[in-house]
Amino acid sequence: MTKIIGHRGARNLWPENSLTGFRNALRLGVDAIEFDVHLTDSGELLVIHDAALDRTVHATGPVRRLSPEGRLATRLRDTDESIPTLSDVLGMLAARDGLHLHVEIKSDETGTPYPGIAARVAEELRRFGVDHRSHLTSFDISVLEECRLHAPHVGRLVSVNADWAARQGGLSAFLPAADDLVDIVAIHHELMADEWELIRSSVPLERLCVWTLNEEAGIRRWLERGIGHLTSDSPDLALGLRDAEVASMRLQEKL
């Protein structure tokens, strides 16, 4: 059965990467929650997507420059919450047995990986007892290699879109090399559709994730193909379609 992943919580329903969004995504019954982590110069691990504050926070400037006091004074747009720390988020999510976590390790505003962030994130996952049901994710191969070095027992996921694949020499060159590096290959839905024959012959369905699907037709398409994981900003829609498909299959089995 396809696992449904709430993207940045459920960003079409509630403010992305907010505690409100994560809390409500849990209530929806998602199989996994995806979120993003940056490292500040003061050493805080913050859950926010962009390297700059401007789009999602009532503030400006690089995330990495925030002090702990400055972070507490920030407010996420459309909420009365400050930017959560990784500890804040894990403290909420760890209590849900069986929930999987997809933790994307981000880079700074220049596109440079934060030194030591992989080890820091892995240690937090261990501290909260969720390392066995987490995946460390990135577009950056060097970051994933660092994850393997510091936390070989924690799952790894590589995110792929068309531009990224082209820089790797194409999917036909990259996919065989990814086999030993990651457990899940997450491919943008447009690239997945364009290269489906190659992809399905290179990676088992259960190790494939398609992102980010928010329309009924697209979600149905990949559910019918038996994709292992599906990421959505609207996980309520994806869960409803998935559950309806499962119910239909069970009914057919009884006939």
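Here is what the cut-offs are and how they apply
Residues numbered from 1 in each chain as written. Predicted model: local features only at pLDDT ≥ 70, side-chain atom pairs only at ≥ 80, totals over all residues. Heavy atoms only, no water. Core = buried A, V, L, I, M, F, W, Y, C linked by side-chain atoms within 4.5 Å. Buried < 20%, exposed > 50% of the residue type's maximum accessible area, 1.4 Å probe, protein only. Helix = DSSP H or I, 4+ residues; strand = E, 2+ residues; numbered from the N terminus. Polar contact = N/O pair within 3.5 Å; in protein donor to acceptor, adjacent residues only side chain to side chain. Contact = heavy atoms within 4.5 Å. Salt bridge = Lys/Arg side-chain N within 4 Å of Asp/Glu carboxyl O.

J.: Which residues make up the nonpolar core, and what values go with them?
T.: Grouped together as the largest cluster of nonpolar side chains are 62 residues, with contacts concentrated most on Phe35, Leu93 and Val160. Of all hydrophobic cores here, the second largest spans 8 residues; its members include Leu53, Val63, Leu66 and Ile83.

J.: Give a detailed account of the side chain of Asp233, specifying residues and quantitative values.
T.: Along the chain, the position of Asp233 falls in the loop between β9 (229–232) and α11 (235–254). A distance of 2.6 Å separates the side chain of Asp233 from the side chain of His7, its partner in a polar contact. Leave out the neighbours within four places in its chain, and Asp233 touches His7, Ala10, Arg11, Asn12, Leu13, Thr212, Leu213 and Asn214.

J.: Before we move on, can you summarise unusual backbone geometry with the specific residues and values?
T.: A cis amide bond links Trp211 with the next residue in sequence, Thr212, at an omega value of -25°. Tracing the backbone shows Thr212 in the loop between β8 (208–211) and α10 (216–224). Backbone geometry at Arg8 places phi at a positive 55°, although glycine is not the residue there. Summarising the element assignment, Arg8 is placed in the loop between β1 (3–7) and α1 (19–28). Backbone geometry places Asn17, a non-glycine residue, at a positive phi of 50°. Secondary-structure assignment places Asn17 in the loop between β1 and α1.

J.: Describe the pattern of salt bridges, with residues and values.
T.: Tallied over the entire structure, the rule returns 18 salt bridges. Taking the shortest distance from any N to any O, the salt bridge between Arg64 and Asp41 comes out at 2.9 Å. Placement of Arg64 in the loop between β3 (45–47) and α2 (68–73) and of Asp41 in the loop between β2 (32–39) and β3 is noted, with a sequence separation of 23 residues between them. A residue is classified by how much of its surface remains accessible, and Asp41, at 44% relative accessible area, is partly exposed. With its nearest N and O atoms 2.6 Å apart, the salt bridge here joins Arg65 to Asp41. With Arg65 in the loop between β3 and α2 and Asp41 in the loop between β2 and β3, the pair connects residues that are 24 residues apart, well separated along the chain.

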